[in-house]
Each structure stands twice: as structure tokens, then as C-alpha cells.
Amino acid sequence: MLSLLVTFSMIPPVVVGLVFFRQYNAVFIRIFFQVAFGLFVIELLAFLYKPNHWIYNIQIPIETGLLLSAAMAYLGKKSKTWLLILFGVFFLIYLVDVLCISGLESLCVNGYVASGIVLVITFLYLIYTMFIQRKLVPVNTPLVIVSLAIVIYFGCLIPYISLSNYLNNHHPELNKVIYYIVVYTFGILRYLLLAIAFIIAGRSKPIAQSN
């Protein structure tokens, strides 16, 4: 039941995104596609197939790639090299995890953690770019809200995912409680913040690229 709350929380940003789609620039179009893909493909497949770890494992590189491409759309060509390097490092760790450690049927912990670290670094840098290098960007800039949503979600998820196998094997009840708190609470917060950002982005002028 609680997992359905996270799924339902993905609906508002998708609906808002469809309403304002024509007003969005490349940054928000890519973020919208990431959320829509998660709702219409990943969550649907996860509902239809049990066990479903392999579905979420497939989601990891797709989600990471779409979010990094959104950051690249804002930061411009100067960011292309280092973002591709970050994605390459993540994808190498992900492949090793899938092929040699966890397999596709079990959650790829190392791949998920690598993805989270890459995304936190990228969107913290994006926030830094907007506030330090572009001082006139207002606090309620929708991209700031999106970046905070991603940093908060993955920043809180990384420690838990790193310890999830240990907790599940040695403290299963505690693991369940932490899972509900971290994954569901911050998952819902992430998509509610995205819905707010999508509304603001749809009602405001497109965000200029970083120079």
C-alpha cells in the first residue's frame, strides 16, 4: 500500500508536465521524460512482474542518463566531457555489479550507489553554478527546486542502500522500518517538489543556459 503512495506521487508532475510541455526548455523536457518513463514503464512493469528487482536495475542507467542529460542541457557544451566521464565511471561500476556481483535478478546495490553519488555531485554543482556564478537567479527558480529534490532524495538513499544487504540479513525488521522512512518518505517528497518545479517552470520564462 505504501509503495502505491510513491507511485501516485509521480502522477502530479506528469500531469503538470503534460499541461505545460510546450513551455518547457530542453532541461525540463528531459526531466519530464525521466518521470514519465518511471511512471508509465517502470512502475507498470513492477506492478505486473514479481519479483521485480530486474526492472529497477534496468531503470538505473536510464534514469541516470536522462538526469545527466538534463544537467548537460543547462550547463552547456563545457560540461559534456566531465558529465560523460561521470556517466562512464557509473556505468562501468553498474556493469560489473550486474555481470559479476549482484546479477540482474537482485538489486544492484553498487550500481545504485554509484548512480546516486554521480547525481548528487552533478546537481550540487548545478546549484553552485546558479547561485555562485549566476547570482541573479532567484531562490524559487524551478531548476533549483528540481536539483534540491534530486540531491535530497539520492543523498538520503545512498547510506541506506549501501547498508541494505547487511540490514536485511541481520536486522530485517529494522531494515523494513528504515526502508519505509527513507524510500517512501523521500520518494514522495521528491515527486512533490518536481510537481512544484514543473508548475513554476510552466508559468515562467525558460531558464537560460549557464555560460
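Please read all numbers here as calculations on a predicted model, not as lab measurements.

*Asks:* Any chance you could explain the environment of Leu75 here in plain terms?
*Replies:* Within the secondary structure layout, Leu75 lies in helix 4 (residues 53–75). For Leu75, a relative accessible area of 1% puts it in the buried group. Put simply, Leu75 and Met130 are 55 residues apart on the chain and 9.7 Å apart in space, counted from C-alpha to C-alpha.

*Asks:* Is there a simple way to think about the pattern of salt bridges in this case?
*Replies:* A side chain of one charge can pair with a side chain of the opposite charge when the charged atoms of the two come close. Counting across every chain of the model gives one salt bridge. Across the pair Glu63 and Arg190 runs a salt bridge, and its minimum N-O distance is 3.0 Å. Note that Glu63 is positioned in helix 4 and Arg190 in helix 8 (residues 172–203), a separation of 127 residues in sequence. Grouping residues by exposure puts Glu63 and Arg190 together as buried.

*Asks:* Please clarify how a nonpolar patch on the surface should be interpreted in this entry.
*Replies:* There is a patch of nonpolar side chains on the surface, built from Leu4, Leu5, Phe8, Ile11, Val15 and Val19 and spanning about 520 Å² of accessible area. Where the nonpolar patch is concerned, the elements lending two or more residues are helix 1 (2–9) and helix 2 (11–20). Structurally, Leu4 can be placed in helix 1.

Conventions we followed
Residues numbered from 1 in each chain as written. Predicted model: local features only at pLDDT ≥ 70, side-chain atom pairs only at ≥ 80, totals over all residues. Heavy atoms only, no water. Helix = DSSP H or I, 4+ residues; strand = E, 2+ residues; numbered from the N terminus. Buried < 20%, exposed > 50% of the residue type's maximum accessible area, 1.4 Å probe, protein only. Salt bridge = Lys/Arg side-chain N within 4 Å of Asp/Glu carboxyl O. Patch = residues over 30% accessible without salt bridge, like charges linked within 9 Å, V, L, I, M, F, W, Y side chains within 5 Å. Areas by Shrake-Rupley, 256 points an atom, 1.4 Å probe, with all protein chains shown as cover.

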